[in-house]
Every structure is written in C-alpha cells, then in structure tokens.
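Here are the chains, one letter per residue:
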Amino acid sequence: MYTLAPIPAAFYGVASPVLILSVGSILAMLLSVAGKWNRPTINFGFLFLILGLSLAAIMKNGPQIHTFFEGAFQWGVLPYVGSLLIVAVAGVLALLFYPSYLQARFFTGEVIALYLLSLLGMVVQLSSNDFITILIGIELSAMGVYALVGYVDVNRLSLEGAVKYLVLGSVATAIFIFGVALLYLSTGELSLQAVGHPATGPMQVWKQTGMFMVLLGLGFKLALVPFHSWAPDVYEGAPSGITAFMATCVKIAILLLLFRVCGFFLLAQPEWSRLFLYLSVFSIVIGNWLALVQSGLKRMLAYSSIAHSGYMVMLLSVAPQATMLSTALFYLVAYSVATIVVFGVMMWLEEKNCRNLHLDDIAGLGRKYPLASLALTVGLLSLAGMPPTVGFLAKFLVFVHTLQGERFGLVIVAALGSAVSLYYYLRVLVRMYMHEPDPISLLAPRFSWLTTGVVGTGVVLVLALTIFS
Amino acid sequence: MLLLWIHSHIATLTIFTPLLVAALVVLCPSLWVAKWLALLGAGACFLESVHMWHYFVPGSGLQFTEMHAWLPQWGIQYFVGVDGISLLLIMLSTFLTCLLLIGAWNFEGKGQKTFFALLLFLESGMLGALMAFDLVFFYVCWEVMLIPMYFIIGVWGGKNRIYATTKFILYTAFGSLLMLVAAISLYLLYKKEFGVYSTNVLDLYRLSGLPAASQFWLFCAFALAFAIKIPLWPFHTWLPHAHTEAPTTGSVILAGVMLKMGTYGLLRFAIPLFPAVFLDFAPVLSVLGVIGIIYGALVAWQQPDAKKMVAYSSVSHLGFVVVGSCAVLHSMISPEALTGAVYQMINHGVSTGMLFFLVGVLYDRRHTRLLDDFGGLARPMPWFAVLLIIATLGSVGLPGTGGFVGEFLILLGTFQSNPAIAILASLGVLLGAVYMLTLCRKILFGPVTHKENESLQDVSWREALVLAPLAVLVIAMGVQPGFFLDRVRPSIDHLAKTYSEYRLERVELPPLGCCKGGCSNGCEE
C-alpha cells in the first residue's frame, strides 16, 4: 500500500504551509548557533516572517479539497480554518512574549524552532486523513510543547510541569498508538474513514477497543475529566505565554482532530455519543468545582479550561449535524480571543514580577490600572459566558446544538455549571475592584504598545463578535 | 427631517442613549463635565420616553417597533417595541435614573464618574429588557443588567457588600441560566412546529396552544427565573442583603425598577407563552405571593434597621403584584387585578424608591440606619417629616395615594377569583400599615433621644429636587389614576382577553409546515 510514488508538482503548492513551517524551524535552529545574529529582535522578525508566509500560504490554499498520497495529506475546509486559527493565535501570543520578561529567553533560535515545530505538528495533524501522519503530527506538536514548558523559563515549577506533561503525554500517545494498531488490526485500514467502516465478527470487539483507546488518548491530551490531573500542574508551571499556547493552539488542534475523527465515527456508531455525554458532564462539573477553590490565577484558569473543553465536547454528545463544526469553530474562536485577553493582561502584570499571579496580587488592581482591569473583566466575563460578550453567544449556540439532540439533562448541568463558574470568575473581579490595593504585592509593569494593541483588539473583538457574527 | 428620524427610531434611541453617554462619561477627563453630561444624557433619555408616552396610541398594540436581522441564520433579530404593559415601566426607569443622578450628585467616595457611567449602563440594560420583543435580545439585556448592579453594590456598598453582591448575582444567574435552557427549548419547539427558526416573541406566542405537558418544565424554568428576580417567597433571601448593603442609589434602582423585571417577565413571557400551565400554577403562585405579603410584613415589622425594613416591605409589596397577576376566575385572568398589578409595580417603584432615598438622607447625616438612633426628627427636620409621611402613606396604600388604587384593584379582582387569598392579602395591607407607621413613629415622633439629632439639617435643595417630584407622583397617582392607566388599559385587557380566548376556544395550531416559505409573522393567509 505504501510505495514510493513520484511526488506530484501540485503537492508543493498545497503543502506550502507545512513546507514553510518545516523549513522555518530548521532555519531557526541554525539561527541559534549564529552567534551575534542570535538576537531577540532578529529572531522576532524571523518568526513573524515565517508565520506570515505560512498564513499567506494557508490563505492561498483556500478551503478547496486536495488529496495526495492516498489521503496521507489532505487539505480541505477543516485544515484550512483550523490552521488559520492556530497560526494566527500563535502569532498573537508571540507578540505578547516580546514585551514580557521572557523576551530574551523566548526569542532565541532554539525556542523559536520548537515553537514552529509544534505549529508544524498541529497543521500536519489537521491536514491528514491517515492515522500514521496524524500520529506524527500529534507527537511533533507534543514534543515541541514538552520542551517549551520546561525550557523557556527554567525553574522548579516549570521543570516539574514539563516532566509531568512529558510522562503523562507519552502515556496518552502510547494509548493512542495502541488504539490505532487495534483499528488497523480490525479493519485493515489506516485512513480516518476506517473508523466508520463496519468490522465483522470477532474483529468488532477489537475495533471498539481500538476506537475507545484512540478517544482515550485524545481525551488525555485535551485534559477531559477523568484524564485531567496533569493539566493544573502543567498550566501552572509553564510560563504564562506557553500556558496560553497550550490553552488555545494545542487545544484547538486536538479538539478539531477529535471532531474530525468523531465526524466519521459517530455517524457509524451514534450510540457512542453517550461516552462524550459522560466526559462532558464530568469535565464541566469537576472542572468548575475545582476551579472554585483555587487561589492561583493560572490554576484557576487551568480548571476553567477543563470545563471549557467539557462545553465543547457537549457537541459530540449528540448525533453529528451539519452545524456541529461551525459551532465548534465559533466556540473555539470565542474562547481563544477571551483567553488571549486574559493571558495578555496577566503576562503584562508579570513583567516585573517574574512569577505566577496569586489572587491577592491583583487586589485593588481596578484602581491602579483601570484599563488593564477592564480588559481582564471583559475577558473573564466572556469566559463565564455573560452577555454581551461573545462567550455568551458561543455557549448559546452550543446549548442550541445540544438541545437539538435532546440532551436536556446535559444542558441543564452545563447551565448550572456556568452559573457556578460565574462565582470564581467574579472572585477575580471582587479582588480587583472591591479590595484595597496592597502596595507591595506587585511591582508596576512598564507600558507596552504591543500588549495594549493585542489586548485592546481582543476586547473589541469579544464585544463586536457578538453583534456582527 | 431629524425629528422624523428620531420618531422612527425612538425605541432604539431610548435604549442606546444612556449606553453611549456612559461611554462618554467614562472617557471625559473632567468630573464636572462628566456629571453634567450624565445628567443631560439621562434627561435626553427621559425626554425620549416622554415622546413615546405622548405619541403612544392606546389600543393599537405594539408600537415604535424596529427590527433588524442580527443572526439571520438562527432566526435571531434585534426587535424592540413598546406596548401598554412596558410603557409605564419605561417611564419609571428613565425618570428614576434622572433623579438618581441628582441624588448622587455630591457623592462621597471614589470613582463618581464610573458610578454614573454604571448607572447609565444599567438604565440601558433595563430599557432594553423592557422593550425587547426578541427572546435572545431580552436575555442579553436581562443579564447585562446584572453587571453594573454587581459593581454598584460591590464597590460602593456597605460593610458586607461582597457577600451581598455575590449572592445577588449568583442567585439571579442560576435562575436566568435555567431560563436560557428553557428559552432554547422553546425556540427549538417553534422550529419543530413551524419549520423556521425564530426568537421573535410574537412568533413564539403562537406556541401557546401546545399541550400543557410539553410546556410544564418550560414554564417552571421561566417562572423560577422571574420568581427569583421578583423576589417571590421563598426565593427572596438575596434581596435583604442586596438592599441593605447597596448604596442608596443602588437600592432605589433595585427596588424601583429591577425587581419589576420579574413581574414584567411574568406578564410578558410566562403567562402568554404558557397559558395552560399558568392556569394550573396560578393558585400556587398566589399562595406564594400571599405568604410573601404576610411574611415580608412580619419580618419588616421586627427590623431594627430602617433600610432592612423597607427592603422587606418590598417583598411584601411585590407579593401583591404577583397575587394580582395570578387572579384567575373561571379560567380567565381578571383584568381588574392585572391592571392593579401593573399599577402597583409603578406605585411601589415610586413610593419605595422614595423611602430608600429618605433613609439615605438620614444615613448621609448620621451614618446609621438603626431606628433606635432616631426619634423626634419632626422638630429639627419638618420637611423631611412631611416627605417621609407622604412616602409612608403611599406605601401603606392610604386612599388618595397610588398605593390605594393598586391594592384596591388587586384585591377587587382577587376577591372574585379567590376570596381566601384576598382576605389574607388584605391582612397584609393591615400589617403594612403597622410596620410603616412604626417606622414613622420611631423616626419622627416622640422625644429627641440623641443629642446629635437636634441639630440635623433638613432636606437640602438638591434632595428636595429629588424627593418633591416623587411626592407629587405618589399623590397624583392616587387622585388621577386615569391619566396613567388610560394608555395601559387596552394592552392589559388584550393580555387578559387573548388568554381567555385561548382557554375558551382552544385556539388550534395552524397545520405543520405552513410557514416554510419563510414568513415569520402570522399564518393567516
């Protein structure tokens, strides 16, 4: 089945985003040994050159479907939108790194290489129809992120996070591979469509087991409850920018992959949607519940992101419909914009303090930095799903979709979960606006045009997307 | 030309003027300019609502409508309009906001600009909720109201403000999120029946003929959200905290308008959308309302704190509104009771708002609200005494004040449908007189027990400017109810009539799929 075929010329055009990212990451590695050329400003320019080129290449490809190598590389609507979102979000996060205290650490050749490699992995895993290629993509992005967690800012917490992520992430990958092997055993195919094909006789069991393990691996990567235990430690240990990268880009890639796999799988076996029902109920309830008692901002956001994964997985708990993917994408966009706003403000506040923010650190912030607090407020309200932010509209559409599948209980749980979540988001606002400032808790950060621009645009988007979407 | 344009967009302008002005107020560098800007904005908004009042044609249904597509693929629109049920509440909101800004003019404490901006933001939210005829837009405004109120209580409130404000927002959010689930279910039900998506409330009214079984849970969710907001006993526990901790301005707006959102929602959504279930639930709601009346009155009686007393009196008064809305006789809503309920909403807003202002006046001078710290204030503060007595009489419903008209109509309608409820409710009137007169007596009469009370300043010109219009309103609503009710009556009669028609004739749903062509208004053809 896998013979070396001549590479068609059209491939280079369609695969240009992937090619640009891979060439870029190799060049970035060279930059790291370029001596005096290895300077943050140059690396910054280089990173944006590569990201800009790949964005242009993605846009040039458009959403048309192209298939090469029997589906090992397949471009289409989902790769198009997904890669666009991922690369754009990654670019915005890199912008936020520039004014942060990690500027000199992040904009080095090797870190940029890792950053580009993990982006490459995400684009690959979305633009393939073949489990082997997908696996390579997942591993590539995971390897990059393992290193980014521990390497960008080296301290005890980040190393602990990196090791935990590495060990548990590898376990997840192993489970995923085992699942793929069982699928291959039972259907004799490695394409995504294979999960939708019926297996006969005794193979039926192996196919189900394989599928279960594939979903388990993806659930691990997504930190769905009960596979969530790594997430808070890793999110807390990683530098904030990398945490935001995991909460947005990595999550977008894995979720879209999950939606893709399930698009085929749930059509063939709709009864499996019950699995996602349980996963989302657990993630929403436990994620929100544990977020209630956190005093570190990033840990709280880690649990809240678990709950958000739960809201998104709600879409899979009903039979696949035409609107599933667009709703998921809308939710992902809404969630990413709000996350960028929140993390943008946090990274700005951390600039002089070089440590994770505690709830007490932001006491009285509303009086000290009214605009930053306003941005944080808008971001958190959007995560909480309060109107008039886009978070509300996203949640509304998810609820509509789930109720169309008549999962009333699940939607009620989700609605009550978001009422509970309001409490911990509001706790931040209480500290910001209703407590007296603590003069020594936080060193005053410098003003930065980049952060202001990014966060400001994010706030405008959070409000404007509600009206004009 | 301009006037014509204003006339044709009057509802939108009224909703968004305060929001726009709020943004300007925040950005304005000078506090003095910002304050005047806020007042001018609120004044302009009031004038716009006066314009609507003036051009409102009684009996011709929904007016000043404006509709734009918002999310067309989901059938969600921006659709606003005014009818008789919302007209008075709109007037009340815009009027009270103007007075509130004057009342908070010499504000002690930080962030006055933000405070004024939040008040205007809140006004926008309330007006949006009152004018929305699209379920999603209504929900957006309904939730948006919470955000400024949350900050008003939490930032400028009393000692226990954080607990109070968190409880307030969580209680309300729990109710509203369940309502959101019900609203979406309703929306999908409409899609199932008529083949198109729509959140237009007028479209959704056509679902009212559905069998009671499929409406049961939907009604429960809507009623719960509204019951929490009203607040109906036993969902009232957030109210005393929120009221007591809120700054005076916050209490006034909370009592004056925000609580009415619950009863308004009942009249606008819960009753016409689910008439069949409402019929079964009306006795339950009436009983809860009566319990609220008596319980609120008894608890208010025992309060040592003047503000808490007024807060519990709100529970009692809102109970009347619920009883009035639920007076069902032979499967018909009594139009008298319904009129009384609508009137009582306005009346409670005016008289209780005034009472909160007066308690605020005392608090500004003495920084205490305990009744025992006062006594004999009638001598040093004669004008204050006059105003407090007018507000008290309005609140207890003395003939000649608006309270009498409202309560009388409610009791009249209720007595026909259920004498027991009416008798118990009139017990509440009696108790109301007891505790309100106790309040008056303890504050105004007897000897001056505290030395510092002897030299208290009477109401200032600014305070008089706030209180005098309210005092005039309390009396005007009592002697000239026709002036207020003439514009409202047709809409109320219409609500009562359509409801009874539904009950008597069992309006049949048009056959499935008749609207597939995309028409969303009416299937008559």
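Colleague: I'd like to hear about the overall build of chain B, residue by residue, with values.
Modeller: Along its length, chain B carries 21 helices and four strands. The C-alpha atoms of chain B give a radius of gyration of 22 Å, which matches the 24 Å a tight globule of 525 residues would have. Of all intrachain contacts in chain B linking residues separated by at least 6 positions in sequence, the fraction that spans at least 24 positions is 80%.

Colleague: Give a detailed account of the overall build of chain A, specifying residues and quantitative values.
Modeller: On a plain count of helices and strands, chain A comes out with 19 helices and two strands. The C-alpha atoms of chain A give 22 Å as radius of gyration, which agrees with the globular expectation for 469 residues (23 Å, within 12%). Over its C-alpha atoms, taken along the principal directions, chain A stretches across nearly 70 × 60 × 45 Å. Long-range pairs, those at least 24 residues apart, make up 81% of the contacts in chain A between residues at least 6 apart in sequence.

Colleague: Residue-level account of the pairing of strand β1 (residues 63–71) of chain B, with values.
Modeller: All names here are of chain B. The pairing of β1 with strand β2 (residues 76–82) spans six bridges and is antiparallel. Note on β2: the bridge partner recorded for Leu 71 is Ile 76. From the end of β1 to the start of β2, which pair antiparallel, there are four residues, and Gly 75 there has a positive phi angle of about 70°.

Colleague: Tell me about the nonpolar core, residues and numbers included.
Modeller: Ranked by size, the top nonpolar core spans 390 residues in total, and within it Ile 86 and Val 341 of chain A together with Leu 120, Phe 222 and Ala 270 of chain B carry the most contacts. In contact with Phe 222 of chain B, not counting residues within four places along its chain, are Met 179, Ala 182, Phe 269 and Ala 270 of chain B.

Colleague: Can you explain helix α17 (residues 390–404) of chain A? Please cite residues and give values.
Modeller: All names here are of chain A. For α17, which comprises 15 residues, the first-to-last C-alpha distance of 21 Å matches the rise-based estimate of 21 Å (1.5 Å per residue) to within 8%. For α17, a buried count of 13 out of 15 residues is recorded, marking the element as mostly surrounded by other parts of the structure. Looking one or two residues beyond α17, the residue adopting positive phi is Glu 406, at roughly 60°.

Colleague: Could you give an account of the interface of chain A and chain B, with specific residues and numbers?
Modeller: Across the contact, 20 residues belong to chain A and 23 residues belong to chain B. A total of twelve residues in the side of chain A that touches chain B trace back to one element, the largest contributor, which is helix α18 (residues 408–434) of chain A. Residues belonging to the side of chain A that touches chain B are distributed by class as follows: 17 nonpolar, three polar and no charged.

Colleague: Break down helix α11 (residues 240–268) of chain A for me, with residues and values.
Modeller: All names here are of chain A. Taking 1.5 Å per residue, 29 residues should reach 42 Å; α11 reaches 41 Å between its end C-alpha atoms and fits that length. Approximately 35° is the largest bend angle found in α11, and it occurs at Lys 251. With 25 of 29 residues buried, α11 is to be regarded as a mostly interior element.

Colleague: So, the packing of helix α8 (residues 161–194) of chain B against helix α11 (residues 238–245) of chain B: which residues are in play, and what are the values?
Modeller: Residues and elements named next belong to chain B. Direction vectors running N to C along α8 and α11 enclose 135°, while the axes themselves pass 8 Å from each other. Considering the angle they form, α8 stands oblique to α11. Crossing handedness for the pair α8 and α11: left-handed. Of the residues in α11, those touching α8 at Arg 161, Tyr 163, Ala 164, Lys 167, Phe 168 and Tyr 171 are Trp 238, His 241, Ala 242 and Glu 245. Across the contact of α8 with α11, the residue classes tally to six nonpolar, one polar and three charged.

Colleague: How would you sum up the environment of Ala 420 of chain B? Please name residues and give values.
Modeller: Along the polypeptide, Ala 420 of chain B turns up in helix α18 (residues 419–444). When the C-alpha atoms of Ala 420 of chain B and Ala 276 of chain B are compared, they prove to be 23 Å apart, with 144 residues separating the residues in sequence.

Colleague: Let's hear about the packing of helix α7 (residues 146–156) of chain B against helix α12 (residues 248–273) of chain B: which residues, and what values?
Modeller: Residue and element names in this part refer to chain B. Running from N to C, α7 and α12 cross one another at 150°; their axes reach a closest spacing of 10 Å. Our pair here, α7 against α12, has a crossing hand that is left-handed. Every residue of α12 that contacts α7 at Met 149, Ile 152 and Ile 153 is listed here: Gly 250, Leu 254 and Met 258. Classifying every residue of the contact of α7 with α12 gives five nonpolar, one polar and no charged.

Colleague: Describe in detail unusual backbone geometry, supporting the description with residues and values.
Modeller: Of the consecutive residues Pro 387 of chain A and Pro 388 of chain A, the connecting peptide bond is found in the cis state with omega at 5°. Positionally, Pro 388 of chain A belongs in the loop between α16 (370–384) and α17. Backbone torsion omega between Ile 230 of chain B and Pro 231 of chain B reads -15°, so that peptide bond is classified as cis. Of note, Pro 231 of chain B is situated in the loop between α10 (212–229) and α11. We note that Ala 223 of chain A has phi near 60°; this positive angle belongs to a residue other than glycine. Assignment of secondary structure puts Ala 223 of chain A in the loop between α9 (203–222) and α10 (230–237). On the neighbour-count criterion, Ala 223 of chain A (29 C-beta atoms within 10 Å) is buried. The phi dihedral of His 367 of chain B falls on the positive side, at around 55°, and the residue is not glycine. Along the chain, His 367 of chain B falls in the loop between α15 (335–366) and α16 (382–396).

Colleague: Let's hear about the confidence of the model for chain B: which residues, and what values?
Modeller: All names here are of chain B. Overall, the predicted model of chain B reaches an average pLDDT of 85, with 95% of residues at or above 70. Per-residue pLDDT stays below 50 along residues 503–525; that stretch engages in 26 contacts with residues further than four places along the chain or on separate chains. In the predicted assembly, ipTM is 0.91 and pTM is 0.91.

Colleague: I'd like a rundown of the environment of Phe 137 of chain B, residues and numbers included.
Modeller: Relative to the elements of secondary structure, Phe 137 of chain B occurs in helix α6 (residues 135–144). In this view, Phe 137 of chain B contacts Tyr 78, Phe 79 and Ala 132 of chain B; residues no more than four positions away in its chain are not counted.

Colleague: Requested: an account of the environment of Leu 325 of chain A, with residues and values cited.
Modeller: Residues and elements named next belong to chain A. Note that Leu 325 resides in helix α14 (residues 324–350). A count of 19 C-beta atoms within 10 Å places Leu 325 in the partly exposed class. On a C-alpha basis, the gap between Leu 325 and Leu 256 in space is 8.4 Å, while along the polypeptide they are 69 residues apart. Ignoring sequence-local partners within four residues, the contact set of Leu 325 consists of Leu 78 and Phe 259.

Scoring rules and cut-offs
Residues numbered from 1 in each chain as written. Chains lettered and ligands numbered in written order. Predicted model: local features only at pLDDT ≥ 70, side-chain atom pairs only at ≥ 80, totals over all residues. Helix = DSSP H or I, 4+ residues; strand = E, 2+ residues; numbered from the N terminus. Rg over C-alpha atoms; globule rule 2.2 N^0.38 Å. Contact = placed C-beta atoms within 7 Å. Pairing = 2+ DSSP bridges. Core = buried A, V, L, I, M, F, W, Y, C linked by C-beta atoms within 7 Å. Buried ≥ 20, exposed ≤ 12 C-beta atoms within 10 Å, placed from the backbone. Expected span 1.5 Å × (residues − 1). Nonpolar A, V, L, I, M, F, W, Y, C, P; charged D, E, K, R; others polar. Bend = angle between axes of the 7 residues up to and from the residue. Axes fitted to C-alpha atoms, helices over the stretch in contact; angles between N-to-C directions. Parallel < 35°, antiparallel > 145°, perpendicular 65-115°, else oblique. Left-handed = near helix turned anticlockwise from the far one by under 90°. pLDDT = per-residue confidence, 0-100.

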